[in-house]
Amino acid sequence: MMPPGVAASSPAGALLRTVWASAIPATLQGADFHLLDVNQAFVDLVGLPRAQLIGRDPLDLQPPEDREANRLERLVMNVDVSRGLPQPAVQRRMVDAQG
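The text that follows walks through the structure, step by step, so that each part is easy to find. Bear in mind that the values here come from a model prediction, so they are computed numbers and not experimental data. (Residues numbered from 1 in each chain as written. Predicted model: local features only at pLDDT ≥ 70, side-chain atom pairs only at ≥ 80, totals over all residues. Heavy atoms only, no water.)

Considering the overall build of the chain
In step 1: Helices and strands together make up the secondary structure of the chain, namely four helices and two strands.
In step 2: Ordering the α and β elements of the chain from the N terminus gives α-β-β-α-α-α.
In step 3: Principal axes of the C-alpha set define a box for the chain whose edges measure 40 × 35 × 20 Å.
In step 4: Across the 99 residues in the chain, those meeting the buried criterion constitute 25%.
In step 5: Sequence-distant contacts in the chain: of pairs separated by 6 or more residues, those separated by 24 or more amount to 29%.
In step 6: Roughly 6600 Å² of accessible area belongs to the chain as shown, and the carbon and sulfur atoms make up 60% of that amount. (Helix = DSSP H or I, 4+ residues; strand = E, 2+ residues; numbered from the N terminus. Buried < 20%, exposed > 50% of the residue type's maximum accessible area, 1.4 Å probe, protein only. Contact = heavy atoms within 4.5 Å. Areas by Shrake-Rupley, 256 points an atom, 1.4 Å probe, with all protein chains shown as cover.)

Quick look at the structure:
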């Protein structure tokens, strides 16, 4: 899946394909933070099929004790986006299919 406005043959498309094929778990999320797509490394990390991940809120995959802080951080991210500030890559703890 290519984000809107990114041609598969463009430099941005090539970079996206490289990231997507890497061993580093990565997700593409919508404005509501739900998963639009995940790479194979993310599927392997959480141990759930891609079809069960698409459309889910990643908060559901995080330890319960992390969820409220991450929910609040989303509010800050939304304010930053509305101000035109770039969004950094973030790292989160995840709970795999085995718990």
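Some words on helix α4 (residues 64-82)
Structural remark: α-helix, 3.6 residues per turn; residues separated by three or four positions point the same way.
In step 1: The first and last C-alpha atoms of α4 sit 28 Å apart over 19 residues, in line with the 27 Å expected at 1.5 Å per residue.
In step 2: Turning to α4, its buried residues number three or more, namely Asp66, Asn70, Arg74 and Met77. Seen along its axis, α4 keeps its buried residues to an arc of 90°; they face one direction. Turned more than 90 degrees from where α4 packs its buried face, Leu75 and Ser82 sit exposed.
In step 3: Looking one or two places after α4, you find Gly84, whose phi comes out positive at around 80°. (Expected span 1.5 Å × (residues − 1). Arc of directions from axis to C-beta.)

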